[in-house]
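Residue-level structural notes
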Amino acid sequence: MEVHRHLDEELDTLRVTVLRLGGEAEAALVRAMHALTERDTAAAREVLAHDDDIDQLEVEVDRQCVDIFALRQPAARDLRFVMSVAKMAPVLERIADHACNIARGAIDLSAEPELKDHSRLRFHEE
């Protein structure tokens, strides 16, 4: 039973880490859209400064998945969960990369004249 307890603990840790990765990617996208629509270069710089942290989270998720595969050999539902997380983490990290691209664009555009109507660009924060 100790093997199952260790696997459950590692799955819980993986779940927390991937949720954190998703939350950070979402926050980066929200900040980038805010920076773009509100001409907030400080927010754009925050997005860019935080990108390495998000990259590290993706590496951590990947390491945790490999460790679980190699050491715990999950089956059935646990295997599907770890496989899903392994496929999801690079996508979440790529979303954060897109947020950085938006932030760079926001910085570049901040020196340009403001558009009259950019209401369709608004990102609804929840």
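Residues numbered from 1 in each chain as written. Predicted model: local features only at pLDDT ≥ 70, side-chain atom pairs only at ≥ 80, totals over all residues. Heavy atoms only, no water.

A look at the nonpolar core
Membership of the largest hydrophobic core comes to 26 residues, with the highest contact counts inside it found for Leu14, Leu21, Val47 and Val61. Counting only elements with at least two residues in this core, the list comes to helix H1 (2-38), helix H2 (41-72) and helix H3 (76-109). Those residues in contact with Val61, other than ones at most four positions away along the chain, are Leu14, Thr17, Val18, Leu21, Val85 and Ala89. (Core = buried A, V, L, I, M, F, W, Y, C linked by side-chain atoms within 4.5 Å. Buried < 20%, exposed > 50% of the residue type's maximum accessible area, 1.4 Å probe, protein only. Helix = DSSP H or I, 4+ residues; strand = E, 2+ residues; numbered from the N terminus. Contact = heavy atoms within 4.5 Å.)

A short note on the environment of Arg15
Here Arg15 lies in helix H1. Exposure remark for Arg15: the relative accessible area of 34% places this residue in the partly exposed category. Arg15 sits 70 residues away from Val85 along the chain, and the two C-alpha atoms are 8.3 Å apart.

Digging into H2
For H2, spanning 32 residues, the distance from its first C-alpha to its last is 46 Å, which sits close to the expected 46 Å at 1.5 Å a residue. Considering bend angle alone, the principal kink of H2 is centred on Asp51 and spans about 35°. Along H2, the residues classified as buried are Ala43, Ala44, Val47, Asp51, Ile54, Leu57, Glu58, Val61, Gln64, Cys65 and Ile68. Sitting at the amino-terminal end of H2 is Asp40, which places a side-chain oxygen 3.2 Å from the backbone nitrogen of Ala42. Phi turns positive, to about 45°, at Gln73, one or two residues after H2. (Expected span 1.5 Å × (residues − 1). Bend = angle between axes of the 7 residues up to and from the residue. Polar contact = N/O pair within 3.5 Å; in protein donor to acceptor, adjacent residues only side chain to side chain.)

Concerning H3
In an α-helix, one turn spans 3.6 residues; hence positions three or four apart end up facing the same way. The end-to-end C-alpha separation of H3 is 50 Å, in line with the 50 Å expected for 34 residues at 1.5 Å each. Within H3, the full set of buried residues consists of Asp78, Val82, Val85, Ala89, Leu92, Glu93, Ala96, Asp97, Ala99, Cys100, Ala103 and Ala106.

Some remarks on the packing of aromatic side chains
Inspection of the entire model under this criterion finds 0 aromatic pairs. Over the face of the ring belonging to Phe81 we find Arg15, whose NZ or CZ atom lies 4.8 Å from the ring centre. (Phe/Tyr/Trp six-rings, centres within 6.5 Å; stacked < 30°, edge-to-face > 60°. Lys NZ or Arg CZ within 6 Å of the ring centre and 35° of its normal.)

Overview of the pattern of salt bridges
Evaluated as defined, the whole model comprises 7 salt bridges. The partner of Arg5 in a salt bridge is Glu9, and the shortest N-O contact between them spans 3.0 Å. Here Glu9 and Arg5 lie together in helix H1, a separation of 4 residues that amounts to about one turn. Judged by its relative accessible area of 38%, Glu9 is partly exposed. Close ionic contact of Glu60 with Arg63 constitutes a salt bridge, the shortest N to O distance being 2.6 Å. A residue pair is termed a helical-turn pair when its members lie 3 or 4 positions apart in one helix, as Glu60 and Arg63 do in helix H2 at 3 residues. One continuous salt-bridge network, built from bridges that share partners, spans Glu60, Arg63 and Asp67. (Salt bridge = Lys/Arg side-chain N within 4 Å of Asp/Glu carboxyl O.)

As for the side chain of Thr17
Looking at the secondary structure, you find Thr17 in helix H1. In terms of polar contacts, Thr17 uses its side chain to reach the side chain of Gln64, at 3.3 Å. Residues contacting Thr17, with those up to four places away along its chain left out, are Leu57, Glu60, Val61 and Gln64.

Describing the environment of Ala35
Of note, Ala35 is situated in helix H1. Taking the C-alpha atoms as reference points, Ala35 and Gly105, separated by 70 residues in sequence, lie 9.4 Å from one another. Every residue in contact with Ala35, bar those within four places of it in the chain, is listed here: Asp40, Ala43, Ala44 and Ala106.

In short, geometric facts, not functional conclusions.
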